[in-house]
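# Structural features, examined
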Amino acid sequence: MRTDGFKAHLATEPESGIITALKLTAANAPDGPVGVELMAAEPDGLEVLADSAYGSGAVRAGLKRRHHRLVIKPLPSRPVIPGGFVRDDFVVDHDQGVVTCPAGHTAKLSSACVARFAPHCGPCPMRSRCTKARARSFSVSAHDAELVEARAAWSEDELRAVYRQHRPMAERSISWLVAKGKRRLRYRGVERNVAWAHRRVAALNLRRLVVLGLTRTDGNWVLAGPIGVLGDVPRRARHLLARGQIQRDRIFPLNSGSSVRAHPRGPTSTLRRLLPGGEEPCSTAP
Ligand code: SF4
(Lines give C-alpha, C1' and ligand atoms only; values in the text may rest on other atoms or scores of the structure.)
Protein backbone atom coordinates (compact mmCIF):
# COMPACT_ATOMS: atom_id res chain seq x y z
CA MET A 1 0.00 0.00 0.00
CA ARG A 2 1.67 3.28 -1.10
CA THR A 3 0.98 6.52 0.69
CA ASP A 4 2.83 9.59 -0.58
CA GLY A 5 6.28 8.11 -0.47
CA PHE A 6 5.58 5.74 2.41
CA LYS A 7 4.32 2.20 2.54
CA ALA A 8 2.38 0.78 5.49
CA HIS A 9 3.00 -2.88 6.32
CA LEU A 10 0.37 -4.56 8.49
CA ALA A 11 0.07 -7.82 10.38
CA THR A 12 -3.51 -8.73 11.22
CA GLU A 13 -5.26 -11.51 13.09
CA PRO A 14 -7.22 -13.03 10.20
CA GLU A 15 -10.42 -13.98 12.01
CA SER A 16 -11.06 -10.81 13.96
CA GLY A 17 -9.32 -8.27 11.70
CA ILE A 18 -7.37 -6.90 14.68
CA ILE A 19 -4.14 -5.25 13.50
CA THR A 20 -1.34 -6.76 15.58
CA ALA A 21 1.67 -4.88 14.14
CA LEU A 22 2.37 -1.95 11.86
CA LYS A 23 5.48 -0.57 10.24
CA LEU A 24 5.84 2.43 7.97
CA THR A 25 8.71 2.33 5.48
CA ALA A 26 9.82 4.16 2.37
CA ALA A 27 7.56 3.19 -0.55
CA ASN A 28 10.36 1.37 -2.34
CA ALA A 29 11.34 -0.83 0.65
CA PRO A 30 10.96 -4.56 -0.07
CA ASP A 31 7.96 -6.19 1.62
CA GLY A 32 9.52 -9.49 2.62
CA PRO A 33 12.04 -8.51 5.35
CA VAL A 34 9.48 -6.16 6.92
CA GLY A 35 6.99 -9.02 7.03
CA VAL A 36 9.43 -11.11 9.08
CA GLU A 37 9.96 -8.12 11.43
CA LEU A 38 6.21 -7.76 11.94
CA MET A 39 6.05 -11.34 13.18
CA ALA A 40 8.95 -10.93 15.60
CA ALA A 41 6.79 -10.36 18.68
CA GLU A 42 4.43 -13.24 17.90
CA PRO A 43 4.77 -16.67 19.50
CA ASP A 44 6.28 -19.53 17.50
CA GLY A 45 4.19 -22.06 15.62
CA LEU A 46 1.48 -19.84 14.11
CA GLU A 47 -0.18 -20.21 10.73
CA VAL A 48 1.10 -17.24 8.70
CA LEU A 49 -0.81 -16.06 5.64
CA ALA A 50 0.62 -13.59 3.13
CA ASP A 51 0.57 -12.77 -0.55
CA SER A 52 3.36 -13.44 -3.02
CA ALA A 53 5.19 -10.20 -2.13
CA TYR A 54 6.26 -12.10 1.00
CA GLY A 55 6.96 -15.32 -0.92
CA SER A 56 10.73 -15.11 -1.36
CA GLY A 57 12.95 -17.92 -0.13
CA ALA A 58 14.65 -15.73 2.47
CA VAL A 59 11.31 -14.71 4.03
CA ARG A 60 10.12 -18.30 4.09
CA ALA A 61 13.32 -19.46 5.73
CA GLY A 62 13.06 -16.66 8.32
CA LEU A 63 9.48 -17.58 9.23
CA LYS A 64 10.19 -21.31 9.25
CA ARG A 65 12.95 -20.79 11.78
CA ARG A 66 10.11 -19.75 14.12
CA HIS A 67 8.23 -22.98 13.26
CA HIS A 68 5.36 -21.13 11.58
CA ARG A 69 3.15 -22.96 9.12
CA LEU A 70 3.31 -20.91 5.92
CA VAL A 71 0.24 -20.19 3.82
CA ILE A 72 2.06 -17.78 1.51
CA LYS A 73 1.37 -17.53 -2.18
CA PRO A 74 4.67 -18.50 -3.83
CA LEU A 75 6.48 -16.32 -6.31
CA PRO A 76 5.77 -17.65 -9.81
CA SER A 77 8.54 -19.47 -11.63
CA ARG A 78 9.15 -17.37 -14.77
CA PRO A 79 10.56 -18.83 -18.02
CA VAL A 80 13.68 -17.34 -19.62
CA ILE A 81 11.83 -17.49 -22.95
CA PRO A 82 8.11 -16.70 -23.13
CA GLY A 83 6.24 -20.01 -23.04
CA GLY A 84 9.48 -21.90 -22.46
CA PHE A 85 10.83 -24.05 -19.64
CA VAL A 86 10.56 -22.81 -16.05
CA ARG A 87 12.66 -23.65 -12.98
CA ASP A 88 10.48 -26.62 -12.08
CA ASP A 89 11.19 -28.31 -15.45
CA PHE A 90 14.78 -28.82 -14.21
CA VAL A 91 15.59 -31.31 -11.43
CA VAL A 92 18.17 -30.20 -8.88
CA ASP A 93 19.84 -32.79 -6.67
CA HIS A 94 21.23 -30.64 -3.86
CA ASP A 95 22.96 -33.60 -2.17
CA GLN A 96 24.88 -34.64 -5.28
CA GLY A 97 25.28 -31.08 -6.57
CA VAL A 98 23.90 -31.84 -10.04
CA VAL A 99 21.10 -30.52 -12.26
CA THR A 100 19.12 -32.48 -14.86
CA CYS A 101 17.60 -30.48 -17.73
CA PRO A 102 14.26 -31.24 -19.47
CA ALA A 103 16.12 -33.19 -22.19
CA GLY A 104 17.57 -35.48 -19.53
CA HIS A 105 21.17 -34.21 -19.58
CA THR A 106 22.99 -33.75 -16.28
CA ALA A 107 25.52 -31.04 -15.37
CA LYS A 108 27.47 -30.43 -12.19
CA LEU A 109 26.86 -27.32 -10.11
CA SER A 110 29.90 -25.05 -9.86
CA SER A 111 31.03 -23.38 -6.64
CA ALA A 112 28.91 -20.38 -7.74
CA CYS A 113 25.86 -22.71 -7.99
CA VAL A 114 25.68 -22.57 -11.80
CA ALA A 115 25.20 -25.63 -14.03
CA ARG A 116 26.35 -25.31 -17.66
CA PHE A 117 24.85 -27.56 -20.33
CA ALA A 118 27.10 -26.34 -23.15
CA PRO A 119 28.10 -29.74 -24.60
CA HIS A 120 24.48 -30.81 -25.02
CA CYS A 121 22.59 -27.71 -26.16
CA GLY A 122 23.86 -27.33 -29.75
CA PRO A 123 21.92 -30.21 -31.32
CA CYS A 124 19.12 -30.23 -28.70
CA PRO A 125 15.62 -30.18 -30.31
CA MET A 126 14.25 -28.37 -27.23
CA ARG A 127 16.69 -25.48 -27.37
CA SER A 128 14.14 -22.97 -28.69
CA ARG A 129 12.14 -23.44 -25.46
CA CYS A 130 15.21 -23.32 -23.22
CA THR A 131 17.61 -20.52 -24.16
CA LYS A 132 18.40 -17.81 -26.70
CA ALA A 133 22.12 -18.24 -26.05
CA ARG A 134 24.33 -20.89 -27.59
CA ALA A 135 24.00 -22.95 -24.42
CA ARG A 136 21.94 -22.88 -21.26
CA SER A 137 23.43 -21.84 -17.90
CA PHE A 138 21.19 -22.70 -14.96
CA SER A 139 21.62 -20.82 -11.64
CA VAL A 140 20.40 -22.24 -8.34
CA SER A 141 19.39 -19.61 -5.77
CA ALA A 142 20.22 -19.81 -2.06
CA HIS A 143 16.69 -20.89 -1.07
CA ASP A 144 15.91 -22.90 -4.18
CA ALA A 145 14.69 -26.02 -2.35
CA GLU A 146 12.43 -23.90 -0.14
CA LEU A 147 10.76 -22.29 -3.15
CA VAL A 148 10.30 -25.57 -5.05
CA GLU A 149 8.68 -27.09 -1.98
CA ALA A 150 6.41 -24.02 -1.60
CA ARG A 151 5.23 -24.15 -5.22
CA ALA A 152 4.49 -27.87 -4.90
CA ALA A 153 2.55 -27.30 -1.66
CA TRP A 154 0.59 -24.45 -3.24
CA SER A 155 -0.62 -26.74 -6.02
CA GLU A 156 -2.56 -28.66 -3.33
CA ASP A 157 -6.07 -27.32 -2.70
CA GLU A 158 -5.73 -27.18 1.09
CA LEU A 159 -3.36 -24.20 1.33
CA ARG A 160 -5.21 -22.20 -1.30
CA ALA A 161 -8.52 -22.83 0.46
CA VAL A 162 -7.12 -21.45 3.75
CA TYR A 163 -5.69 -18.44 1.89
CA ARG A 164 -8.99 -17.74 0.11
CA GLN A 165 -10.91 -18.05 3.37
CA HIS A 166 -8.86 -15.46 5.27
CA ARG A 167 -7.72 -13.01 2.62
CA PRO A 168 -10.96 -10.94 2.61
CA MET A 169 -10.58 -10.04 6.30
CA ALA A 170 -6.96 -8.97 5.78
CA GLU A 171 -8.06 -6.80 2.83
CA ARG A 172 -10.81 -5.36 5.02
CA SER A 173 -8.31 -4.34 7.71
CA ILE A 174 -6.29 -2.50 5.06
CA SER A 175 -9.36 -0.75 3.72
CA TRP A 176 -10.31 0.38 7.25
CA LEU A 177 -6.84 1.87 7.66
CA VAL A 178 -7.01 3.94 4.49
CA ALA A 179 -10.73 4.77 4.55
CA LYS A 180 -11.98 8.36 4.37
CA GLY A 181 -8.94 9.80 2.64
CA LYS A 182 -6.36 8.27 4.98
CA ARG A 183 -4.37 6.87 2.07
CA ARG A 184 -2.77 10.33 2.03
CA LEU A 185 -0.56 11.10 5.02
CA ARG A 186 -1.02 14.34 6.91
CA TYR A 187 2.48 15.18 8.09
CA ARG A 188 5.98 15.75 6.81
CA GLY A 189 8.69 13.46 8.12
CA VAL A 190 8.76 9.85 9.22
CA GLU A 191 8.36 10.17 12.99
CA ARG A 192 5.13 12.13 13.01
CA ASN A 193 3.56 9.90 10.36
CA VAL A 194 4.59 6.75 12.26
CA ALA A 195 2.98 8.13 15.43
CA TRP A 196 -0.18 9.06 13.51
CA ALA A 197 -0.40 5.58 11.91
CA HIS A 198 -0.04 3.83 15.27
CA ARG A 199 -2.73 6.02 16.84
CA ARG A 200 -5.06 5.25 13.96
CA VAL A 201 -4.42 1.50 14.29
CA ALA A 202 -5.09 1.69 18.05
CA ALA A 203 -8.41 3.46 17.40
CA LEU A 204 -9.40 0.96 14.68
CA ASN A 205 -8.58 -1.96 16.97
CA LEU A 206 -10.60 -0.49 19.79
CA ARG A 207 -13.57 0.05 17.48
CA ARG A 208 -13.20 -3.50 16.22
CA LEU A 209 -13.07 -4.93 19.74
CA VAL A 210 -16.23 -3.04 20.65
CA VAL A 211 -17.96 -4.45 17.56
CA LEU A 212 -16.82 -7.93 18.61
CA GLY A 213 -18.45 -7.43 22.00
CA LEU A 214 -15.69 -6.06 24.25
CA THR A 215 -17.04 -5.61 27.72
CA ARG A 216 -15.88 -5.46 31.35
CA THR A 217 -17.01 -8.36 33.52
CA ASP A 218 -15.82 -9.03 37.09
CA GLY A 219 -12.82 -6.77 36.62
CA ASN A 220 -11.72 -8.48 33.39
CA TRP A 221 -12.00 -7.48 29.77
CA VAL A 222 -13.87 -10.15 27.78
CA LEU A 223 -15.24 -10.44 24.27
CA ALA A 224 -17.90 -13.06 24.94
CA GLY A 225 -21.37 -11.62 25.30
CA PRO A 226 -24.61 -10.82 23.57
CA ILE A 227 -24.15 -8.87 20.36
CA GLY A 228 -27.63 -7.40 20.56
CA VAL A 229 -30.83 -7.48 22.55
CA LEU A 230 -33.86 -9.60 22.10
CA GLY A 231 -35.81 -8.51 19.05
CA ASP A 232 -33.18 -6.65 17.06
CA VAL A 233 -30.49 -9.34 17.21
CA PRO A 234 -31.29 -11.31 14.06
CA ARG A 235 -31.08 -8.11 11.99
CA ARG A 236 -27.88 -7.09 13.81
CA ALA A 237 -26.37 -10.53 13.24
CA ARG A 238 -27.22 -10.41 9.54
CA HIS A 239 -25.64 -6.98 9.33
CA LEU A 240 -22.41 -8.15 11.01
CA LEU A 241 -22.28 -11.26 8.86
CA ALA A 242 -22.80 -9.26 5.67
CA ARG A 243 -19.95 -6.92 6.60
CA GLY A 244 -17.73 -9.84 7.56
CA GLN A 245 -17.38 -8.51 11.08
CA ILE A 246 -18.37 -11.81 12.64
CA GLN A 247 -18.31 -15.31 11.28
CA ARG A 248 -21.31 -17.59 11.11
CA ASP A 249 -19.75 -20.30 13.27
CA ARG A 250 -19.27 -17.69 16.03
CA ILE A 251 -23.02 -17.23 16.36
CA PHE A 252 -25.42 -19.63 18.00
CA PRO A 253 -28.97 -19.26 19.27
CA LEU A 254 -29.88 -18.81 22.94
CA ASN A 255 -33.15 -19.97 24.45
CA SER A 256 -35.92 -19.44 21.90
CA GLY A 257 -33.58 -18.84 18.99
CA SER A 258 -34.57 -15.19 18.77
CA SER A 259 -31.30 -14.11 20.36
CA VAL A 260 -27.69 -14.81 19.33
CA ARG A 261 -24.43 -14.66 21.15
CA ALA A 262 -20.83 -14.27 20.00
CA HIS A 263 -18.94 -17.49 20.52
CA PRO A 264 -16.13 -16.73 22.96
CA ARG A 265 -13.45 -19.02 21.55
CA GLY A 266 -11.75 -17.08 18.75
CA PRO A 267 -12.04 -13.39 19.69
CA THR A 268 -11.29 -14.10 23.34
CA SER A 269 -8.08 -15.88 22.49
CA THR A 270 -7.12 -12.88 20.38
CA LEU A 271 -7.81 -10.55 23.26
CA ARG A 272 -5.76 -12.68 25.63
CA ARG A 273 -2.88 -12.45 23.22
CA LEU A 274 -3.23 -8.70 23.07
CA LEU A 275 -3.60 -8.33 26.81
CA PRO A 276 -1.07 -10.55 28.55
CA GLY A 277 -1.78 -10.86 32.24
CA GLY A 278 -5.25 -9.36 31.84
CA GLU A 279 -4.02 -5.76 31.45
CA GLU A 280 -6.46 -3.21 30.16
CA PRO A 281 -6.17 -2.51 26.42
CA CYS A 282 -5.95 1.25 26.92
CA SER A 283 -6.73 3.87 29.49
CA THR A 284 -10.10 4.72 27.99
CA ALA A 285 -12.87 2.22 28.54
CA PRO A 286 -15.10 1.70 25.48
S1 SF4 B 1 18.88 -26.65 -24.56
FE2 SF4 B 1 20.47 -27.59 -23.30
S3 SF4 B 1 19.72 -27.36 -21.20
FE4 SF4 B 1 17.99 -26.94 -22.54
S5 SF4 B 1 16.92 -28.90 -22.69
FE6 SF4 B 1 18.37 -28.80 -24.40
S7 SF4 B 1 20.22 -29.78 -23.65
FE8 SF4 B 1 18.95 -29.33 -21.90
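Look a little higher up for the structure.
So, a few notes on the structure that sits alongside this text. Fair warning: this is a prediction, and the values are worked out from it, not measured in the lab. Each chain carries its own residue numbering, running from 1 in the direction its sequence is written. Restriction of local features to residues with pLDDT of at least 70 applies here, the model being predicted, together with a cutoff of 80 or more for giving and counting side-chain atom pairs; totals for whole chains, interfaces and linings are based on all residues.

Let's shift gears to the overall build of the chain. Strands are runs of DSSP state E lasting at least two residues, helices are runs of H or I lasting at least four, and both sets are numbered from the N terminus onward. Looking only at helices and strands, one finds eight helices and 15 strands in the chain. Across the 286 residues of the chain, 22% fall into the buried class. Burial in this document is a count-based property: other C-beta atoms within 10 Å of a residue's C-beta are tallied, and the residue is buried at 20 or more, exposed at 12 or fewer, or partly exposed in between, with C-beta positions derived from the backbone.

Mapping Ala 112 onto the fold places it in the loop between strand S8 (106-108) and strand S9 (114-116). On a C-alpha basis, the gap between Ala 112 and Ser 139 in space is 8.3 Å, while along the polypeptide they are 27 residues apart.

Take the buried Ala, Val, Leu, Ile, Met, Phe, Trp, Tyr and Cys residues, join any whose C-beta atoms are within 7 Å, and the set you get is a nonpolar core. Among the nonpolar cores identified, the biggest contains 13 residues, and Met 39, Val 48, Ala 50, Leu 63, Leu 70, Val 71 and Ile 72 are the most heavily contacted of them. Placing C-beta atoms from the backbone, we regard two residues as in contact once those atoms come within 7 Å. With sequence-adjacent residues up to four places away left out, Met 39 is seen in contact with Ala 11, Val 48, Leu 63 and Arg 66. Cys 101, Ala 107, Cys 121 and Phe 138 belong to the second-largest nonpolar core, a separate cluster that totals eight residues.

The environment of the ligand is formed by 13 residues, the closest being Cys 101, Phe 117, Cys 121, Cys 124 and Cys 130. When residues are grouped by polarity, Ala, Val, Leu, Ile, Met, Phe, Trp, Tyr, Cys and Pro land in nonpolar, Asp, Glu, Lys and Arg in charged, and all others, Gly among them, in polar. Among the residues making up the shell around the ligand, the classes are represented as eight nonpolar, three polar and two charged. Residues are classed as near a molecule or strand if the C-beta position derived from their backbone is within 6 Å of it.

Moving on, we come to the pairing of strand S3 (residues 19-26). Any two strands with at least two DSSP bridges between them are considered paired. Across seven bridges, strand S2 (residues 6-12) lies against S3 in antiparallel orientation. Bridge pairing in S3 links Phe 6 to Ala 26. Counted between consecutive antiparallel strands, the loop separating S2 from S3 contains six residues, among which Gly 17 sits at a positive phi close to 85°.

A few words on the pairing of strand S5 (residues 69-72). With four bridges joining them, strand S4 (residues 47-50) and S5 adopt parallel strand pairing. Considered in S5, the bridge of Ala 50 is made with Ile 72. With the strands pointing away from the viewer, any crossover whose connection runs clockwise from the first strand over the helix to the second is right-handed. A crossover connection joins S4 to the parallel S5 through helix H2 (residues 57-64); in handedness this β-α-β unit is right-handed.

The subject of this paragraph is helix H6 (residues 190-211). Turn by turn, an α-helix covers 3.6 residues, leaving residues three or four places apart pointing in a common direction. An expected span of 1.5 Å times one less than the residue number is assigned to each helix. Between its first and last C-alpha atoms H6 spans 31 Å; for 22 residues at 1.5 Å apiece the expected length is 32 Å, and the two agree. Within H6 the residues assigned to the buried category are Ala 197, Val 201, Asn 205, Arg 208 and Leu 209. Down the axis, H6 shows its buried residues gathered within 105° of arc, on one side only. Opposite its buried face, H6 presents the exposed residues Arg 192, Ala 195, Arg 199, Ala 203 and Val 210, each directed more than 90 degrees away. Contacts from the buried residues of H6 go to S2 and S3. Remark: Gly 213 follows H6 within two positions and exhibits a positive phi of approximately 105°. Comment: arc refers to directions from the helix axis out to C-beta atoms.

Further remarks concern helix H5 (residues 157-178). Counted at 1.5 Å a residue, the expected span for H5 with its 22 residues is 32 Å, and the 32 Å between its end C-alpha atoms agrees. Fitting axes to the seven residues that end at a residue and to the seven that start at it, the angle between those axes gives the bend at that residue. Considering bend angle alone, the principal kink of H5 is centred on His 166 and spans about 35°; proline Pro 168 follows within four residues of it. Of all the residues in H5, the buried ones are Ala 170, Ser 173 and Leu 177. Looking at the packing, one finds that the buried side of H5 touches S2, S3 and H6. At the exit of H5 stands Lys 180, carrying a positive phi of roughly 55°.

Its identity as a non-glycine residue notwithstanding, Cys 113 has a phi of 60°, on the positive side. Assignment of secondary structure puts Cys 113 in the loop between S8 and S9. Judged by local crowding, Cys 113 falls into the partly exposed class, with 16 C-beta atoms found within 10 Å. Here the phi dihedral of Lys 180 falls at roughly 55°; this positive angle occurs in a residue that is not glycine. On the secondary structure map, Lys 180 appears in the loop between H5 and H6. Taking the C-beta count within 10 Å as the criterion, Lys 180 has 6 such neighbours and is therefore assigned exposed.

Spatial strand order, S6-S7-S8: three strands in an open sheet with antiparallel pairing. In this open sheet, the two edge strands, each paired with only one partner strand, are strand S6 (91-93) and S8. Averaged over all pairs of adjacent strands, the angle between their axes in this sheet comes to 20°, without regard to strand direction. Direction of pairing for S6 relative to strand S7 (residues 98-100): antiparallel, over a ladder of three bridges. In the sheet register, Asp 93 faces S7, and the bridge partner there is Val 98. Lines fitted to C-alpha atoms define the axes, with helix axes restricted to the stretch in contact, and inter-axis angles between N-to-C directions lie between 0 and 180 degrees.

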